[in-house]
Amino acid sequence: MKKRLIAILSLASLTLFAQDNIQWRGTDRTGIYTETGLMKSWPAAGPTMSWSYDGLGEGHSSAAISSDKIYLTGMTDGKGYLYVFDLKGKLLNKKMYGPEWSESYNGPRGTVTLNDGKLYLMSGVGDLYCFDVSTLNVVWKKNILKEYKASNIVWGINEAPLIVGDKVIATPGGKEHNMVALNKNTGALIWSSLGEGDAAAYCSPLYIKDQQVPLIVTMTANHILGIDANTGKKLWSQEHTNRYSIHANTPVYGDGMILCTSGYGSGSIMLRLKNGGRSIEQAWSSKELDNRIGGMVKIGDFVYGSGDNNRFWFCADWKTGEIKYKEKGFAMGNIIADDGMLYCYTDRGDMILAKVNPVKFEVVSRFQITKGTEQHWAHPVIYKGVLYVRHGDSLMAYKIK
């Protein structure tokens, strides 16, 4: 009995720890959060705003949260700044880290990644930083474009660094060094992958660990890549193109299948892993499911998201791609999910709460995000009963529990 109790407490501790480290699209890049007891509807004006902060500067990165501290980036006068807040909105620290992307849709893109007392940040100009979380001192820094003979892409490199064991993964998009794994403590090169020699494509990679060969999956300008996480060997690739070479959505994984989706007429392709992850076959494809930058969420046997050229919110069968519903009348946007509900943040500034329902887009509440500046592109975050929404210059905290 005592051993069983210890095991249960250990499991609870692990679960709590996992939920305490919110990074790009949650703890595991799925967009799925696992809190319970959240509100199933909101007042007409929206849930109560606990606090807001105006003054982040320009940018599109989302909040990362660990140990009750919020980490966010913004740009002012061409310089990138790292902000640290407590959960009451008090600014605890602010650090200028270097130049940021200021040529179009200005500001930081990639969300920061926290791991083992360090914070990893990729700027829009290709500088990969490792900071000490406590002091924000730079532990190491490397420009992956210059170091690995790659060119920046049209709208600036966009990648949330991926940590796998002792490695931090990045995608310079060079001909020789297409994807690299660096020692997370020193920045030293561990392995380099040729990939297909494509340019990077704004994609934050996904780690798949339940196959015989652990995989890193990402999208580059013209291909979906499956890379051996231990060695950097390219295991397989699948052509996937659109006219702007933009593939900004992290792949969605489940049941041994990988869903990759892009906008600009490209659509979605579902790949089934075979031979322990060493090879693939195409399960289905769909031009209609063409999300550009908003991501999708897999819940049960269904996937939810919104289109790009195809202007509707949708639900599709995960295994077949059959579209279960298409709902027009709402602007397109990004999506996360928690506790049986979909949180949809449109590029017109509507925050929508809808039930997880494969039959229809069952909207129960919506309100307008009125604070902030420029595009409504940053993905929202849920942490300890609070919905965090970044809109350009502003970060807002809404009580949803």
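The following refers to the structure shown. (Residues numbered from 1 in each chain as written. Predicted model: local features only at pLDDT ≥ 70, side-chain atom pairs only at ≥ 80, totals over all residues. Heavy atoms only, no water.)

Some thoughts on the overall build of the protein
Step number 1: When helices and strands are tallied, the protein shows 2 helices and 34 strands.
Step number 2: Against the 2.2 N^0.38 benchmark of 21 Å for 401 residues, the protein shows a C-alpha radius of gyration of 20 Å, consistent with a compact globule.
Step number 3: With respect to the principal axes defined by its C-alpha atoms, the protein has extents near 60 × 55 × 50 Å.
Step number 4: For the protein, with 401 residues in total, the buried portion stands at 59%. (Helix = DSSP H or I, 4+ residues; strand = E, 2+ residues; numbered from the N terminus. Rg over C-alpha atoms; globule rule 2.2 N^0.38 Å. Buried < 20%, exposed > 50% of the residue type's maximum accessible area, 1.4 Å probe, protein only.)

Overview of the sheet that holds strand E14 (residues 179–183)
Step number 1: Reading across from one edge, E12-E13-E14-E15 is the order of the 4 strands in this open sheet, with antiparallel pairing throughout. The open sheet is flanked by strand E12 (162–164) and strand E15 (189–193), the only strands paired with a single partner. The average undirected angle you get between the axes of adjacent strands in this sheet is 25°.
Step number 2: Inspection of the sheet shows E12 paired to strand E13 (residues 167–170) by 3 bridges, in the antiparallel sense. (Pairing = 2+ DSSP bridges. Axes fitted to C-alpha atoms, helices over the stretch in contact; angles between N-to-C directions.)

Re the nonpolar core
One broad trend across soluble globular proteins is that nonpolar side chains are buried collectively.
Step number 1: Core analysis: the biggest nonpolar cluster contains 33 residues, and Tyr-343, Leu-387 and Tyr-388 have the highest contact counts within it.
Step number 2: Excluding residues that lie within four positions of it along the chain, Tyr-388 makes contacts with Trp-51, Ile-65, Ile-70, Leu-87, Pro-380, Val-381, Tyr-383, Leu-395, Met-396 and Ala-397.
Step number 3: Leu-235, Trp-236, Ile-258 and Leu-273 belong to the second-largest nonpolar core, a separate cluster that totals 17 residues. (Core = buried A, V, L, I, M, F, W, Y, C linked by side-chain atoms within 4.5 Å. Contact = heavy atoms within 4.5 Å.)

Things to note about the packing of aromatic side chains
Step number 1: A complete count under the given rule lists 18 aromatic pairs for this structure.
Step number 2: Seen in terms of ring centroids, Tyr-83 and Phe-85 are 6.2 Å apart; in terms of plane orientation they differ by 10°. Their pairing is stacked. Here the two residues Tyr-83 and Phe-85 agree in accessibility, since each one is buried.
Step number 3: Ring pairing ties together the aromatic residues Trp-51, Tyr-53, Tyr-83, Phe-85 and Tyr-388, which thus form one cluster.
Step number 4: Its guanidinium or amino end placed over the ring of Tyr-81, Lys-94 lies 4.9 Å from that ring's centre, counting from NZ or CZ.
Step number 5: Taking the ring centre of Trp-318 as reference, the NZ or CZ of Lys-298 above it sits at 5.3 Å. (Phe/Tyr/Trp six-rings, centres within 6.5 Å; stacked < 30°, edge-to-face > 60°. Lys NZ or Arg CZ within 6 Å of the ring centre and 35° of its normal.)

A look at the state of the cysteines
Step number 1: Applying the stated criterion across every chain, the model contains 0 disulfides.
Step number 2: Among the cysteines around Cys-344, which has no disulfide bond, Cys-315 carries the closest sulfur, lying 12 Å off.
Step number 3: When its relative accessible area of 0% is taken as the criterion, Cys-344 is described as buried. (Disulfide = S-S within 2.5 Å.)

Details of the sheet that holds strand E29 (residues 341–346)
Step number 1: Strand order in the open sheet formed by 5 strands is E2-E28-E29-E30-E31, with mixed pairing between adjacent strands. If you trace the sheet from one side to the other, it starts and ends with strand E2 (32–33) and strand E31 (362–368), each paired once.
Step number 2: As paired strands, E2 and strand E28 (residues 333–338) are joined by 2 bridges and run parallel to one another. When the bridges of E28 are listed, Tyr-33 appears paired with Asp-338.

Thoughts on the side chain of His-60
Step number 1: Structurally, His-60 is set in the loop between strand E3 (49–54) and strand E4 (64–66).
Step number 2: At 3.5 Å, the side chain of His-60 forms a polar contact with the backbone oxygen of Asn-106.
Step number 3: Apart from residues no more than four positions distant in its own chain, His-60 is found in contact with Tyr-105, Asn-106, Pro-108, Arg-109, Gln-375, Trp-377, Ala-378 and Arg-390. (Polar contact = N/O pair within 3.5 Å; in protein donor to acceptor, adjacent residues only side chain to side chain.)

Notes on the environment of Arg-292
Step number 1: Among the structural elements, Arg-292 can be located in the loop between strand E23 (279–286) and strand E24 (297–299).
Step number 2: For Arg-292, a relative accessible area of 29% translates into the label partly exposed.
Step number 3: Those residues in contact with Arg-292, other than ones at most four positions away along the chain, are Ala-248, Asn-249, Gly-263, Tyr-264 and Asp-308.

A few points about the pattern of salt bridges
Step number 1: Under the defined criterion, the tally for this structure stands at 14 salt bridges.
Step number 2: Here Asp-68 makes a salt bridge to Lys-384, at a shortest N to O gap of 2.8 Å. One end of the pair, Asp-68, is in the loop between E4 and strand E5 (69–76); the other, Lys-384, is in the loop between strand E32 (381–383) and strand E33 (386–391), with 316 residues separating them in the sequence.
Step number 3: In this structure Asp-68 comes out as partly exposed when scored by relative accessible area, which is 30%.
Step number 4: Look at Lys-384 and you get partly exposed, because its relative accessible area is 47%.
Step number 5: Measuring nitrogen to oxygen at the nearest pair gives 3.6 Å for the salt bridge that ties Glu-362 to Lys-355. (Salt bridge = Lys/Arg side-chain N within 4 Å of Asp/Glu carboxyl O.)

Comments concerning the environment of Val-168
Step number 1: Position of Val-168 relative to the elements: it lies in strand E13.
Step number 2: For Val-168, a relative accessible area of 0% puts it in the buried group.
Step number 3: Along the primary structure Val-168 and Lys-184 are separated by 16 residues, whereas in three dimensions their C-alpha atoms are 5.2 Å apart.

Describing the pairing of strand E26 (residues 313–317)
Put simply, side chains in a regular strand alternate between the two faces of the sheet.
Step number 1: Across the 5 residues that make up E26, a large majority, 5, are buried.
Step number 2: Burial along E26 is two-sided: Trp-313, Cys-315 and Asp-317 facing one way and Phe-314 and Ala-316 facing the other are all buried.
Step number 3: Sheet analysis places strand E25 (residues 302–306) next to E26, joined by 5 bridges and oriented antiparallel. Within E26, the residue paired with Tyr-304 across the bridge is Cys-315.
Step number 4: Pairing between E26 and strand E27 (residues 323–327): 4 bridges, direction antiparallel. Along E27, the bridge assignment pairs Cys-315 with Tyr-325.
Step number 5: The hairpin formed by E26 and E27 contains 5 residues between the paired strands, and Gly-321 there has a positive phi angle of roughly 85°.

Geometric values such as these leave the question of function open.
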